[in-house]
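Letter by letter, the chains look like this.
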Amino acid sequence: LGLAGRPDRIVDEGGIPIPEEWKSGRRVHDSHIAQLGCYLILIEEESGIRPPYGIIVTGDNKRHVTPNTPELRAW
């Protein structure tokens, strides 16, 4: 796919790898969602398991769940 990178953390949720990306700001930007979408694709490519979602953790420790949708993958 020509993509490279790695998430800040991958959590094992019952055998399913869930990527977490930590950001220092308190707001989730489109670029953060796009980055997480790439990680979802990379994890599936490497592990053969499609994570149902990923998580962005903002500087105020809020966890923003981002579903692994066809729209996100196409973007």
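What counts, and at which threshold
Residues numbered from 1 in each chain as written. Predicted model: local features only at pLDDT ≥ 70, side-chain atom pairs only at ≥ 80, totals over all residues. Heavy atoms only, no water. Helix = DSSP H or I, 4+ residues; strand = E, 2+ residues; numbered from the N terminus. Rg over C-alpha atoms; globule rule 2.2 N^0.38 Å. Contact = heavy atoms within 4.5 Å. Areas by Shrake-Rupley, 256 points an atom, 1.4 Å probe, with all protein chains shown as cover. Lys, Arg positive; Asp, Glu negative; His and termini not counted. Charge placed at Lys NZ, Arg CZ, Asp CG, Glu CD.

Asker: Any details on the overall build of the chain? Residues and values, ideally.
Answerer: A tally of helices and strands in the chain yields two helices and four strands. Element order for the chain, N to C, with α for helix and β for strand: β-β-α-β-β-α. For 75 residues, the compact-globule formula gives about 11 Å, and the C-alpha radius of gyration of the chain, at 12 Å, lands near that figure. The dimensions of the chain, computed from C-alpha atoms along their principal axes, are 35 × 30 × 20 Å. Counted over contacts in the chain with a minimum sequence separation of 6, partners at least 24 positions apart contribute 52%. Carbon and sulfur atoms make up 50% of the accessible area of the chain, which totals about 4,800 Å². Distance between charge centroids for the chain: 7 Å, based on 9 positive and 11 negative side chains.

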